[in-house]
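Survey of secondary and tertiary structure
So you can see what is in the structure, the chains are spelled out below.
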Amino acid sequence: MPENARVRVRRDRPSALSWTLALMLTMLCVYLLTLGLAAAPEAAIDSNSGAPRVTEETSFAAAEAYFVSLGRFETDTEARIEAARYTPRGAAGYVLETADGFLVLGAVYEDRAEAESVARALSQSEGLDCAVYEEHADGARLRVTAAEADIALVTGAEALLRDLAGETRDLALQLDRGETDSGAARTLLSVAASRLEDILSRLRSVSGAQENPVTARLLAMAEQFRASLFVLSGENTQNTLSLSAKIKYNSINITLEHMRYLRDLNAL
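Presented here is a report on the structure given in the accompanying data block. (Residues numbered from 1 in each chain as written. Predicted model: local features only at pLDDT ≥ 70, side-chain atom pairs only at ≥ 80, totals over all residues. Heavy atoms only, no water.)

**Let's talk about the overall build of the protein chain**
Our working definition: The helix count covers DSSP runs of H or I at least four residues long, the strand count covers runs of E at least two residues long, and both are numbered beginning at the N terminus. In this scheme, a residue with accessible area under 20% of its type's maximum is buried, one over 50% is exposed, and one in between is partly exposed, where area comes from a 1.4 Å probe on protein chains only. The contact rule is simple, with two residues in contact once any of their heavy atoms fall within 4.5 Å. Under the convention used here, a 1.4 Å probe and the Shrake-Rupley method define accessible areas, while residue burial counts only the protein chains that appear.
Scanning the protein chain for helices and strands turns up 7 helices and 7 strands. Buried positions account for 41% of the 268 residues belonging to the protein chain. Long-range pairs, those at least 24 residues apart, make up 80% of the contacts in the protein chain with a sequence separation of at least 6. Approximately 15,300 Å² of the protein chain is accessible, and the part contributed by carbon and sulfur atoms is 52%.

So this is what it looks like as structure tokens:
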């Protein structure tokens, strides 16, 4: 090869069609990525205080709970007949419909190991077909337009609802273990109802909170739970098993309702 000869590499310039296809592919990738970033549900509530309104994105934490199931039945009637056998003995007797039949739930626990230990002990001592049933709900994002103080009320109401569900769950277990009596339990239930009523009265006064479906649902759950706690606080009984069963029932109910609320928010 001559000394001055050079190897030349031909570099084809991309055609207009190639540029167009590349641009379309990039736009498609961006679109597919945005599909996974669902917008947070929005709640717009007014302010009677004249305070400036802001838009903030807040979030509710994920929730999980473990229930001791006392049996699975094909019909609701069978489940309710069986549930009636357990409530005098301190079990919730909560009937839950699932895809595989009707469960009779005895109690709810925050810790899986504790639920498994109780289910195992009941299976051995009572001859029941006990199992642990788990429920889980992902955390939810919420975009709220309101005065900052009113946004704090919304997040505070959700947090208090979650906290009181846990406190009543623990209270029932304390009754079972003899760590408290029915009189002290009724007092604590009355205090819990008052705490809910306080934040509810403030949230009800916020214009628009009862009309927006996101906050209205939260209000409805909290009001129902407050009413249940108030009724339980007035139970005129010294029977700790009966009171414990009713507390467990309401604790299970609000726990499941709260999870449905989180799922519904995520489905919006």
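Next comes the rest of the account.
**Digging into the environment of Met 259**
Following the sequence through the fold, Met 259 ends up in helix 7 (residues 240–267). Once the C-alpha coordinates of Met 259 and Ala 137 are considered, the two residues, 122 residues apart in sequence, prove to be 5.4 Å apart. Each residue touching Met 259, except ones within four places of it in the same chain, is listed here: Ala 63, Glu 64, Ala 65, Glu 135, His 136 and Ala 137.

**Section: empty space enclosed by the protein**
Put simply, the rule reads: A cavity here means a set of 1 Å grid points, computed over protein atoms only, where a 1.4 Å probe fits but cannot escape. A pocket is an open set with protein on both sides within 12 Å along at least 5 of 7 lines, and lining residues have an atom within 4 Å of a point. Grid points are joined across faces, edges and corners, and a volume is the space filled by probe spheres set on the points.
If you walk through the whole model with that rule in mind, you get 2 cavities of 30 Å³ or more. Taken as a whole, the largest cavity holds about 50 Å³ of empty space. Taken together, Met 221, Gln 224, Phe 225, Ser 228, Asn 250, Asn 253, Ile 254 and Glu 257 make up the lining of the largest cavity. Where the lining of the largest cavity is concerned, the elements lending two or more residues are helix 6 (213–233) and helix 7.

**Side note on the sheet that holds strand 4 (residues 94–98)**
We count it as follows: Paired strands, as defined in this entry, are two strands with at least two bridges between them according to DSSP. Orientation is described by lines fitted to C-alpha atoms, with helices fitted over the stretch in contact, and by angles between N-to-C directions that extend from 0 to 180 degrees.
Taken together, 4 strands build an open sheet; the order of strands is 4-5-3-6 and the sheet is antiparallel. In this open sheet, the two edge strands, each paired with only one partner strand, are strand 4 and strand 6 (131–137). Each strand of the sheet is rotated relative to its neighbour by a mean of 45 degrees, with strand direction disregarded. For strand 4 and strand 5 (residues 101–109), the ladder comprises 5 bridges, and the chain directions are antiparallel. Directly across from Leu 96, in strand 5, lies its bridge partner Leu 103. Of the strands in this sheet, strand 3 (63–73), strand 5 and strand 6 are in contact with helix 3 (residues 112–126), which crosses strand 3 at around 15 degrees.

**Remarks on the nonpolar core**
Just so we agree on the cut-off: We define a nonpolar core as any set of buried Ala, Val, Leu, Ile, Met, Phe, Trp, Tyr and Cys residues linked to one another through side-chain atoms lying within 4.5 Å.
Counting 53 residues, the largest nonpolar core has Ile 247 and Ile 252 as its most contacted members. Those elements that place two or more of their residues in this core are strand 3, strand 4, strand 5, strand 7 (140–147), helix 4 (148–176), helix 5 (182–204), helix 6 and helix 7. Looking at which element gives the most residues to this core, the answer is helix 4, with 11 residues. Discounting residues that sit within four places of it in the chain, Ile 252 has contacts with Phe 67, Ala 92, Tyr 94, Leu 105, Gly 106, Ala 107 and Val 108. Core analysis: the second largest hydrophobic core is formed by 18 residues, Ala 91, Val 95, Phe 102 and Tyr 109 among them.

**Side note on the pattern of salt bridges**
Heads up, the rule is: Salt-bridge detection follows one rule: a side-chain nitrogen of Lys or Arg within 4 Å of a carboxyl oxygen of Asp or Glu.
One pass over the structure, following the stated rule, counts 20 salt bridges. The salt bridge partner of Arg 141 is Glu 57, with a shortest N-O separation of 3.3 Å. Within this pair, whereas Arg 141 is found in strand 7, its partner Glu 57 is found in strand 2 (residues 53–60), the two being separated by 84 residues in sequence. With a relative accessible area of 46%, Glu 57 lands in the partly exposed category. Linking Asp 176 and Lys 248 is a salt bridge whose minimum nitrogen-to-oxygen distance equals 2.7 Å. Within this pair, whereas Asp 176 is found in helix 4, its partner Lys 248 is found in helix 7, the two being separated by 72 residues in sequence. For Lys 248, a relative accessible area of 6% translates into the label buried. One connected set of salt bridges, linked through shared partners, spans Glu 197, Arg 204, Glu 223 and Arg 226.

**A short note on helix 5**
Along an α-helix, residues three or four positions apart point the same way, because every turn accommodates 3.6 residues. Selection rule: Given the number of residues in a helix, its expected span is that number minus one, multiplied by 1.5 Å. Two N or O atoms count as a polar contact when they lie within 3.5 Å, although within protein this holds only if one can serve as hydrogen donor and the other as acceptor, and sequence-adjacent residues are included solely when both atoms are side-chain atoms.
Taking 1.5 Å per residue as the helical rise, helix 5 with its 23 residues ought to reach 33 Å, and the 32 Å between its terminal C-alpha atoms agrees with that figure. Turning to helix 5, its buried residues number three or more, namely Ser 182, Ala 185, Arg 186, Leu 189, Ala 192, Ala 193, Leu 196, Ile 199, Leu 200 and Leu 203. Packed against the buried residues of helix 5 are helix 4, helix 6 and helix 7. Its side-chain oxygen at 3.2 Å from the backbone nitrogen of Gly 183, Asp 181 defines the N-terminal cap of helix 5.

**Things to note about the packing of helix 4 against helix 6**
Threshold: Note: crossing handedness is left-handed where the near helix turns anticlockwise from the far helix by less than a right angle, and right-handed where it turns clockwise. For this scheme, ten residues count as nonpolar: Ala, Val, Leu, Ile, Met, Phe, Trp, Tyr, Cys and Pro. Four count as charged, namely Asp, Glu, Lys and Arg, and the remainder, Gly too, count as polar.
Two elements in contact, helix 4 and helix 6, have axes separated by 10 Å at closest approach and are oriented at 35 degrees. When you trace helix 4 past helix 6, the crossing you get is left-handed. Taking contact as the criterion, the partners of Val 154, Ala 157, Glu 158, Leu 161, Leu 164, Ala 165 and Thr 168 in helix 4 are, on helix 6, Thr 215, Leu 218, Met 221, Ala 222, Phe 225 and Leu 229. Tallied by class, the residues present in the contact of helix 4 with helix 6 amount to 10 nonpolar, 2 polar and 1 charged.

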